[in-house]
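Structural overview
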Amino acid sequence: MRGIFKDVPPELWRSYRWQVQNRIRTKEELKRYIRLTPEEEEGIDRTDGLYPMAITPYYLSLMNPEDPQDPIRLQAVPRVEEVDQNLQALGEPDPFREEGNIPGLTHRYPDRVLFTLTTFCAVYCRHCMRKRIFQEGERARTKEEIDRFVEYLKAHLEVKEVLLSGGEPLSVSEEKLQYVLSRIREVPHVEIIRIGTRLPVLAPQRFFDAELLRLLERYSPIWLNTHFNHPKEITEESAEAVENLLKHGVPVNNQTVLLKGVNDHPQVMLRLMRELLRIKVRPVYLFHCDPVKGAMHFRTGLEKGLEIMEYLRGRISGMGIPTYAVDLPGGRGKVPVMPNYLFKKEDHTYTFRSPFGPLVEYHIPDA
Ligand SMILES: *Cc1c(COP(=O)(O)O)cnc(C)c1O
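First, a word on what this report is: a plain description of the structure on this page. (Residues numbered from 1 in each chain as written. Predicted model: local features only at pLDDT ≥ 70, side-chain atom pairs only at ≥ 80, totals over all residues. Heavy atoms only, no water.)

Let's talk about the side chain of Glu98
So the rule is basically this: Numbering goes from the N terminus for both helices and strands, where a helix is a DSSP run of H or I of at least four residues and a strand is a run of E of at least two. Here a polar contact means two N or O atoms within 3.5 Å. Within protein one must be a hydrogen donor candidate and the other an acceptor candidate, and residues neighboring in sequence count only if both atoms are side-chain atoms. Contact between two residues is taken to exist if any of their heavy atoms lie within 4.5 Å; hydrogens are not considered.
With respect to the element layout, Glu98 can be found in the loop between α7 (85-88) and β1 (105-109). A distance of 2.9 Å separates the side chain of Glu98 from the side chain of Arg132, its partner in a polar contact. Once you skip the residues sitting within four places of it in the chain, Glu98 turns out to touch Leu105, Thr106, Arg108, Leu114, Met129, Arg130 and Arg132.

See below:
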């Protein structure tokens, strides 16, 4: 699996710190590992200073070095499309109005509050929904910022769930993580903590660390939502990371984003959902790609998502079928989009389409 990194000793390869310290950040470094196309080289040059690049050796090792259309490569190597004026014109830096009065805090749904803990990421995904923060440099929230957030929580009794996101929330030091988790647990009405992290995909070695796992267990109930987009991302290492989380009482869910060229294919999506179930990750959402400036070239039509949802139904366990959802602009919330199976209704007869063929009539007399 490790290909170009096969000579790295296992104790280094299995270290999260090593993976982060050895991130590939320049064109010259990347050229040592993969054959870049002129178009990719131009992409790296023109996004420089605007949308930086960082790739862990682990994530890089999943790429096909000879295939510019490789789904891992499309998610991690900059392209000129990111700065194409025409393509990006309709995108917005912050389509969901996440930025408010308290730094890092977004309170959209009454019961859930989102808090971004840091702008640092192990890998800067080219399709990131918070691409605007690439320009803020790599900085974690200070204790004072965390304190302001906790004060807000204490004043809002309706909040039942805290969502820690980023950047990459699990990239902060154990000390800071301990601080934020223990302070959230001072607030009695907060029932669950959800951590949105892509580290199981980008640097699963993070979850080979016993200290981190104990920390997550101590502040239970903690739910972890991750972001697998392609079956190639499911490896022995990512499966081991998930297993460790489950052993420490942390359920692992997944949110996929529908991305042109990466996973906009029914068979690919079916394989992804199957592989997720095999490593005991529940696929919760399939998100339509957001209108974010710098990521517009990844968007497909809504029909593509509907086609995929139709294909999944009947071919995989119900546990493997995510909710396809669109996040409405302006912070109006997420809405599900579903293929319609109720074909028509006449008096007491409902007619359904079936994944297995002809229309089926279903009678419900007056209840
Ligand atoms: C997506 C999102 C949530 C969580 O929504 P779920 O449907 O529970 O996943 C919470 N707050 C904000 C601001 C969000 O964008």
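Alright, that's what it looks like, and here's the rest.
Section: the packing of aromatic side chains
Remark: the centre distance and the inter-plane angle together describe each pair of aromatic rings, the angle taken between the planes. Inclusion rule: Two aromatic rings, drawn from Phe, Tyr or Trp (for Trp, its six-membered ring), form a pair once their centres lie within 6.5 Å of each other, and the interplanar angle then sorts them: stacked below 30 degrees, edge-to-face above 60, tilted otherwise. Any residue under 20% of the maximum accessible area for its type is buried, any over 50% is exposed, and the rest in between are partly exposed; the area is computed with a 1.4 Å probe on protein chains only. Only when the NZ of Lys or the CZ of Arg is both within 6 Å of the ring centre and within 35 degrees of the ring normal is a charge said to sit over the ring.
Overall, the coordinates contain eight aromatic pairs when judged by the stated rule. Ring geometry for Phe5 versus Trp13: centroids 5.5 Å apart, planes at 35°, classification tilted. Neither residue differs from the other here; Phe5 and Trp13 are each classed as buried. When the centroid spacing of 4.9 Å and the interplanar angle of 35° are considered together, the rings of Phe5 and Tyr33 count as tilted. One end of the pair, Phe5, is in the segment before α1 (10-13); the other, Tyr33, is in the loop between α3 (27-31) and α4 (38-47), with 28 residues separating them in the sequence. A cation over an aromatic ring shows up here: Lys131 above the ring of Tyr51, its NZ or CZ 4.6 Å from the ring centre.

Side note on the packing of helix α8 (residues 143-155) against helix α9 (residues 174-184)
In plain terms, the rule: For helices, the axis comes from a line fit to the C-alpha atoms of the stretch in contact; other axes are also lines fit to C-alpha atoms, and the angle between any two N-to-C directions lies between 0 and 180 degrees. When an angle is under 35 degrees it counts as roughly parallel; over 145 it counts as roughly antiparallel; between 65 and 115 it counts as roughly perpendicular; any other value is oblique. Helix crossings get a hand from a simple test, with the near helix turned counterclockwise from the far one by less than a right angle marking a left-handed crossing and a clockwise turn marking a right-handed one.
Interaxial distance between α8 and α9 falls to 10 Å at its minimum, and their mutual angle equals 15°. Between α8 and α9, the angle falls in the class roughly parallel. The handedness of the crossing between α8 and α9 is right-handed. In this structure, α8 contributes Lys143, Ile146, Asp147, Phe149, Val150, Glu151, Leu153 and Lys154 to the contact, and α9 contributes Glu175, Lys176, Tyr179, Val180, Arg183 and Ile184.

Some points on the pattern of salt bridges
Definition in use: Counted as salt bridges are all cases of a side-chain nitrogen of Lys or Arg within 4 Å of a carboxyl oxygen of Asp or Glu.
Under the criterion given, the structure shown has 36 salt bridges. In this structure, Arg132 engages Asp94 in a salt bridge whose closest nitrogen and oxygen atoms are separated by 3.5 Å. Within this pair, whereas Arg132 is found in the loop between β2 (112-116) and α8, its partner Asp94 is found in the loop between α7 and β1, the two being separated by 38 residues in sequence. Each member of the pair, Arg132 as well as Asp94, is classed as buried. Residue Asp327 pairs with Lys334 through a salt bridge whose shortest N-O separation is 4.0 Å. We classify Asp327 as buried; its relative accessible area is 8%.

Section: unusual backbone geometry
Residue Gly167 is bonded to the preceding Gly166 through a cis peptide linkage, with omega at 10°. Along the polypeptide, Gly167 turns up in the loop between β3 (161-165) and α9. Residue Pro221 is bonded to the preceding Ser220 through a cis peptide linkage, with omega at 0°. For Pro221, the location among the structural elements is in the loop between α11 (210-218) and β5 (222-226). Phi at Lys280 is positive, roughly 70°, even though this residue is not glycine. Relative to the elements of secondary structure, Lys280 occurs in the loop between α13 (266-278) and β7 (282-287). The exposure class of Lys280 is partly exposed, given its relative accessible area of 46%.

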